[in-house]
Amino acid sequence: MNERVYLYPAPSSGVVSALNPNTIGAQWPLSPSGVAAAGHGHLTLLRLAIDEVNAASAGFWATNKLSAVFMDSENSVAVAARASEVLASTTVVGVVGERYTPLCVAANAAYRAAGVPFVSQGASAAMLSDKTVYPTFLRMVPSDAVQAPALAELVGYFGWGAVELVYSDTSYGQGCADFFVPAAEALGVSVTRHALKS
């Protein structure tokens, strides 16, 4: 794992003795190249948001500046777990990152132990809603337990009596399918499942 810690904005001295008390942590896949584009896009948006906040000339942000420290999780469960340990050991006020459930699960232990809020923009597994196991986890998308029944209601609304459910054989696809099928069947819709191997 590349344990380099990246800071934004970069410190003028080139040396970081202590993080700004308004520092956000971030961890996304920045490599390998196959998944890095999304991580780099997220970092670009985070940098733009920080610049916007830091440009404020009134209120709290006029005298308090925001910064970020981020790490590359390399789209790896082991590396995501290590990145979360590094970030949780800093003074970050919270962490954004990881779109995928397995990476969020791997990162949970460190953030849970440190009491650091961890926000995912894409992990939708229903299990992440269990606050006894994931007390600091937050998400920006509905869980599979909400998404899939809503889709089933849409099928029912259009009066379709039978559907072919084609989904990826991943934790996301399987999770949605497991919630969709009983919800659709409860509405009298016949469902045939087709899992696409990834």
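Structure report, in brief. Owing to the predicted nature of the structure, the values given are computational and were not obtained by experimental measurement.

What counts and how
Residues numbered from 1 in each chain as written. Predicted model: local features only at pLDDT ≥ 70, side-chain atom pairs only at ≥ 80, totals over all residues. Heavy atoms only, no water. Helix = DSSP H or I, 4+ residues; strand = E, 2+ residues; numbered from the N terminus. Core = buried A, V, L, I, M, F, W, Y, C linked by side-chain atoms within 4.5 Å. Buried < 20%, exposed > 50% of the residue type's maximum accessible area, 1.4 Å probe, protein only. Contact = heavy atoms within 4.5 Å. Salt bridge = Lys/Arg side-chain N within 4 Å of Asp/Glu carboxyl O. Expected span 1.5 Å × (residues − 1). Bend = angle between axes of the 7 residues up to and from the residue. Axes fitted to C-alpha atoms, helices over the stretch in contact; angles between N-to-C directions. Parallel < 35°, antiparallel > 145°, perpendicular 65-115°, else oblique. Left-handed = near helix turned anticlockwise from the far one by under 90°. Nonpolar A, V, L, I, M, F, W, Y, C, P; charged D, E, K, R; others polar. Pairing = 2+ DSSP bridges. Right-handed = clockwise from strand over helix to strand, strands pointing away.

Position of Asn 75 relative to the elements: it lies in the loop between β3 (67–72) and α3 (77–88). Residues Asn 75 and Gly 39 lie 36 residues apart in sequence; the distance between their C-alpha atoms is 9.6 Å.

Turning our eyes to something else, we now look at the nonpolar core. Judged by nonpolar contacts, the single largest core of 19 residues is most densely connected at Leu 87, Val 95, Cys 104, Tyr 111, Phe 118, Leu 128 and Phe 137. Secondary-structure elements contributing two or more residues to this core are β3, α3 and α4 (101–114). In this view, Cys 104 contacts Glu 98, Phe 118, Ser 120, Ala 123, Leu 128 and Phe 137; residues no more than four positions away in its chain are not counted. Counting residues in hydrophobic clusters, the runner-up holds 13 residues, among them Ala 152, Val 163, Tyr 167 and Ala 177.

So, about the pattern of salt bridges. Under the criterion given, the structure shown has three salt bridges. With a closest N to O distance of 3.2 Å, Glu 85 and Arg 82 form a salt bridge. Of this pair, Glu 85 and Arg 82 are both found in helix α3, three residues apart, which corresponds to roughly one turn of the helix. Taking the relative accessible area as the measure of exposure, Glu 85 reaches 43% and is therefore partly exposed. What makes Arg 82 partly exposed here is its relative accessible area of 31%. Here Lys 197 and Asp 169 are joined by a salt bridge, their closest N and O atoms 3.1 Å apart. Of this pair, Lys 197 sits in the segment after β8 (190–196) while Asp 169 sits in the loop between β7 (162–168) and α6 (171–186), and the two are 28 residues apart along the sequence.

Attention now goes to α4. End to end, α4 covers 20 Å across 14 residues, agreeing with the expected 20 Å (1.5 Å per residue, within 8%). Considering bend angle alone, the principal kink of α4 is centred on Asn 108 and spans about 40°. Where the residues of α4 are buried, they touch β2 (23–28), α3, β4 (94–97), β5 (118–120), β6 (137–139) and α6. Positioned one or two residues after α4, Gly 115 has a phi angle of 70°, which is positive.

On to the packing of helix α5 (residues 144–157) against α6. Closest axis-to-axis distance for the α5/α6 pair is 8 Å, and the angle between their directions is 45°. Considering the angle they form, α5 stands oblique to α6. Here α5 runs over α6; the crossing is right-handed. Taking contact as the criterion, the partners of Asp 144, Ala 145, Gln 147, Ala 148, Pro 149, Leu 151, Ala 152 and Val 155 in α5 are, on α6, Ser 171, Tyr 172, Gly 175, Cys 176, Phe 179, Phe 180, Ala 183 and Ala 184. By residue class, the composition of the contact of α5 with α6 is 12 nonpolar, three polar and one charged.

On to the packing of α3 against α4, then. Viewed as axis vectors pointing N to C, α3 and α4 meet at an angle of 25°, and their least axial separation amounts to 8 Å. In terms of orientation, α3 lies roughly parallel with respect to α4. The handedness of the crossing between α3 and α4 is right-handed. For the pair α3 and α4, the contacting residues are Val 77, Ala 80, Ala 81, Ala 83, Ser 84, Glu 85, Leu 87 and Ala 88 in the first and Pro 102, Leu 103, Ala 106, Ala 107, Ala 110, Tyr 111 and Ala 114 in the second. When the residues that make up the contact of α3 with α4 are grouped by side-chain class, the tally is 13 nonpolar, one polar and one charged.

In space, the six strands of this open sheet follow the order β1-β3-β2-β4-β5-β6, with mixed pairing throughout. The open sheet terminates on both sides in strands that have one partner only, identified here as β1 (6–8) and β6. Averaged over all neighbouring strand pairs, the angle between strand axes comes to 25°, with direction disregarded. In the packing of α3 onto the sheet, the strands contacted are β2, β3 and β4, and the crossing angle to β2 comes to about 170°. Across the sheet, α4 is in contact with β2, β4, β5 and β6; its angle to β5 comes to roughly 165°.

What follows covers the pairing of β8. Here is the key point about a regular strand: its side chains alternate between the two faces of the sheet. As judged from the seven bridges shared by β7 and β8, these two strands associate in the parallel manner. Across the sheet, Tyr 167 pairs through a bridge with Ala 195, a residue of β8. Between the parallel pair β7 and β8, the chain is carried across by α6, and the sense of this crossover is right-handed.

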